[in-house]
Amino acid sequence: MKKGLLIIVAAATLIACKNSSGKGGTASGDSITAAEKATALTDSANFTTAVWVDSTFKDIGKVKKGQIVEIPFTIKNTGDKPLVIASVSPGCGCTVGEKPEKPIMPGEEGKVVAKFNSEGQAEGSHNKNMVVRANMKPFTETVLNFKVEVVK
């Protein structure tokens, strides 16, 4: 079982290296499978470092009731391995999270986007969050937060 996972990780790494050198594929790599995403979170040999360029908290200000707002969070891969964002889990049903489906190569940036739907939300201040799971060290989970004030 371990050998099978090792082969999958090695193949994904070779493909990512091939793509980053400009020999086929896109600069940010090919989409990866669910198994590769799961392996990325458990195999610390493939962990990388990253920084959230524009913070993990954003104050959006006032939003009219019924409006859908996109809140982008930019992440930069500062390590030497491809950054795999395995999942984004919003804290409630009023928010949807979008993530890059391709690995973010070393030195490159990607975006995780929160889409907040203010329809059905009470007027006033709201604090929302999303949990991002990726092959980052020292922690594989990061909580992104935003604040919004719903007005009529």
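Refer to the structure above for everything that follows.
Residues numbered from 1 in each chain as written. Predicted model: local features only at pLDDT ≥ 70, side-chain atom pairs only at ≥ 80, totals over all residues. Heavy atoms only, no water.

Draft legend 1. Representation of the overall build of the chain. Helix and strand content of the chain: two helices and eight strands. For the chain, the succession of helices and strands along the chain, N to C, is α-α-β-β-β-β-β-β-β-β. Taking all 152 residues of the chain together, 35% fall into the buried category. Contacts in the chain between residues at least 24 apart in sequence constitute 68% of all its contacts with a sequence separation of at least 6. Surface exposure of the chain reaches about 8,300 Å², of which carbon and sulfur atoms provide 56%. (Helix = DSSP H or I, 4+ residues; strand = E, 2+ residues; numbered from the N terminus. Buried < 20%, exposed > 50% of the residue type's maximum accessible area, 1.4 Å probe, protein only. Contact = heavy atoms within 4.5 Å. Areas by Shrake-Rupley, 256 points an atom, 1.4 Å probe, with all protein chains shown as cover.)

Draft legend 2. Representation of the environment of Ser 118. Assignment of secondary structure puts Ser 118 in the loop between strand S6 (109-117) and strand S7 (124-134). With 50 residues separating them along the chain, Ser 118 and Ile 68 place their C-alpha atoms 6.2 Å apart. Those residues in contact with Ser 118 that sit more than four places away from it in its chain are Val 63, Lys 64, Lys 65, Gly 66, Gln 67 and Val 150. Among the polar contacts made by the side chain of Ser 118, one reaches the main-chain carbonyl oxygen of Lys 64 at a distance of 2.9 Å. (Polar contact = N/O pair within 3.5 Å; in protein donor to acceptor, adjacent residues only side chain to side chain.)

Draft legend 3. Main features of helix H2 (residues 34-42). All buried positions along H2 are accounted for by Lys 37, Thr 39 and Ala 40. In a view along the axis of H2, the buried residues occupy a sector of 165°, so they form one face of it. In this structure, H2 carries Ala 34 and Thr 42 as exposed residues pointing more than 90 degrees from its buried face. (Arc of directions from axis to C-beta.)

Draft legend 4. Region of the structure containing the packing of aromatic side chains. Under the defined criterion, the tally for this structure stands at one aromatic pair. Over the aromatic face of Phe 73 sits the side chain of Lys 58, whose NZ or CZ is 5.1 Å from the ring centroid. (Phe/Tyr/Trp six-rings, centres within 6.5 Å; stacked < 30°, edge-to-face > 60°. Lys NZ or Arg CZ within 6 Å of the ring centre and 35° of its normal.)

Draft legend 5. Examining the nonpolar core more closely. Formed by 22 residues in total, the largest nonpolar core has its most connected members in Trp 52, Ile 85 and Val 112. Put simply, the parts of the chain that give this core at least two residues each are strand S3 (68-77), strand S4 (85-90), S6, S7 and strand S8 (141-151). Leave out the neighbours within four places in its chain, and Ile 85 touches Ile 75, Lys 99, Pro 100, Ile 104, Val 112, Val 132, Arg 133 and Ala 134. (Core = buried A, V, L, I, M, F, W, Y, C linked by side-chain atoms within 4.5 Å.)

Draft legend 6. The sheet that holds S3, seen in detail. Taken in spatial order, the four strands of this open sheet run S1-S3-S6-S5, and their pairing is antiparallel. Either end of the sheet is taken by a strand with one partner, and the two such strands are strand S1 (50-52) and strand S5 (95-98). Recorded for the sheet is a direction-independent mean angle of 25° between the axes of neighbouring strands. Pairing of S1 with S3, which is carried by three bridges, proceeds in the antiparallel orientation. Among the inter-strand pairings, Trp 52 is bridged to a residue of S3, identified as Ile 75. (Pairing = 2+ DSSP bridges. Axes fitted to C-alpha atoms, helices over the stretch in contact; angles between N-to-C directions.)

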